[in-house]
Amino acid sequence: MTEASPAVYTFHQGTAPLLISMPHAGTYVPPELAARFTEEARQVPDTDWHMPRLYAFAREMGASILCANYSRYVVDQNRPPDGASLYPGQSVTGLCPVDTFYDTPIYAAGDVPDAAEIAARRVALWQPYHDCLRQELDRLRSLHGRVVLWDAHSIRSVVPRFFEGKLPDLNLGTADGKSCDPALAGKLLAVASSDTRYTSILNGRFKGGHITRHYGAPEAGIHAVQLEMAQCCYMEEALPFAYLEERAREIQPLLRRMLDSALAYARQA
């Protein structure tokens, strides 16, 4: 790391029993690493763009917000530390990805990270994010007895590598019911489905990544939910990946109602 490198993450500590994690919102790539990337990869097109802006209203709700600053191309905060596949048998990207969602190489000369480089990134960049996440979950649970972890994601609505056709707008994932109380999942899906302008699904193609699966422990009072949102709901899906203010304003009230429902559930403890 150089002195000009950003912090591994940005963290806002709230007071409500709700932690919003944004593991793929970061765009920073260290210059020495960017020099190894293809021109396409330097644009970090697979970023979950504008998540902090889209969820800015959550601060008023008292939510804690944890946002990664480094690109997922450097290290993917939502992958297991051992690099195990989250979806065996399906196409996936790894802890330190070597290809883009378009299935094109990230490293121009093919000099992909070896085991030592991956281990160094895991220690320097992956572990601090997860240490903060764990500590905040434990703090909120100790204060409130129950906490909801909301893992906020977005993806282009058409990515043939991962799914056929167009993705539903709102993709809720609870590890097939293992990461949160099914009653909470049902309430969230009902809220999402209440706005007929948007399509929604529970545990479809995206069931939740490492964060949802690893930290969700309903029996211990930690209820984890992933929302994978189609980017067409709030932004341009191609360069320059612009935030579309009017479109974002249309979906933000629905997002807020979903988070209100999650908070109401957490406060029943």
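In this text, all values refer to a predicted model and were calculated from it rather than measured experimentally.

*Asks:* I would appreciate a short explanation of the packing of aromatic side chains in the present structure.
*Replies:* Two aromatic rings are characterised by how far apart their centres lie and by the angle between their planes. Throughout the structure, instances matching the rule amount to nine aromatic pairs. Measuring from centroid to centroid gives 6.4 Å for Tyr9 and Tyr129, while their planes differ by 80°, and the two rings are edge-to-face. In this pair, Tyr9 sits in strand E1 (residues 9–12) while Tyr129 sits in helix H4 (residues 115–144), placing the two residues 120 residues apart along the sequence. Measuring from ring centre to ring centre gives 5.3 Å for Phe37 and Tyr107, while their planes differ by 85°; the resulting arrangement is edge-to-face. With Phe37 in the loop between helix H1 (31–34) and helix H2 (39–42) and Tyr107 in the loop between strand E3 (64–68) and H4, this residue pair connects regions lying 70 residues apart in the sequence. Classification of Tyr107 as buried rests on a relative accessible area of 2%.

*Asks:* Hey, could you run me through the side chain of Ser21 in this one?
*Replies:* Mapped onto the secondary structure, Ser21 falls in strand E2 (residues 18–22). A distance of 2.8 Å separates the side chain of Ser21 from the side chain of Tyr129, its partner in a polar contact. Within the structure, Ser21 has its side chain in polar contact with the side chain of Asp151 (distance 2.8 Å). Ignoring sequence-local partners within four residues, the contact set of Ser21 consists of Leu66, Tyr129, Leu133, Leu149, Trp150, Asp151, Ala152 and Ile211.

The rules behind each value
Within every chain, residues take consecutive numbers counted from 1 along the sequence as written. This being a predicted model, a pLDDT of at least 70 is required before a residue's local features are given, and a value of 80 or more before pairs of side-chain atoms are given or counted; all residues contribute to the totals for chains, interfaces and linings. Based on all heavy atoms of the structure, the side-chain values leave hydrogens and waters out of the count. Only the six-membered ring of Trp is used, alongside the rings of Phe and Tyr, when aromatic pairs are assigned; centres must lie within 6.5 Å, and planes under 30 degrees apart are stacked while those over 60 apart are edge-to-face, with the rest tilted. Here a helix means four or more residues in a row that DSSP labels H or I, a strand means two or more in a row labelled E, and each is numbered from the N terminus. A simple rule labels every residue: compare its accessible area, found with a 1.4 Å probe on the protein chains alone, to the largest value its type can have, and call it buried under 20%, exposed over 50%, or partly exposed in between. Nitrogen and oxygen atoms within 3.5 Å of one another constitute a polar contact, given that in protein one can donate a hydrogen and the other can accept it, and given that sequence-neighbouring residues count only through two side-chain atoms. In this description, contact between two residues means that some pair of their heavy atoms is separated by no more than 4.5 Å.

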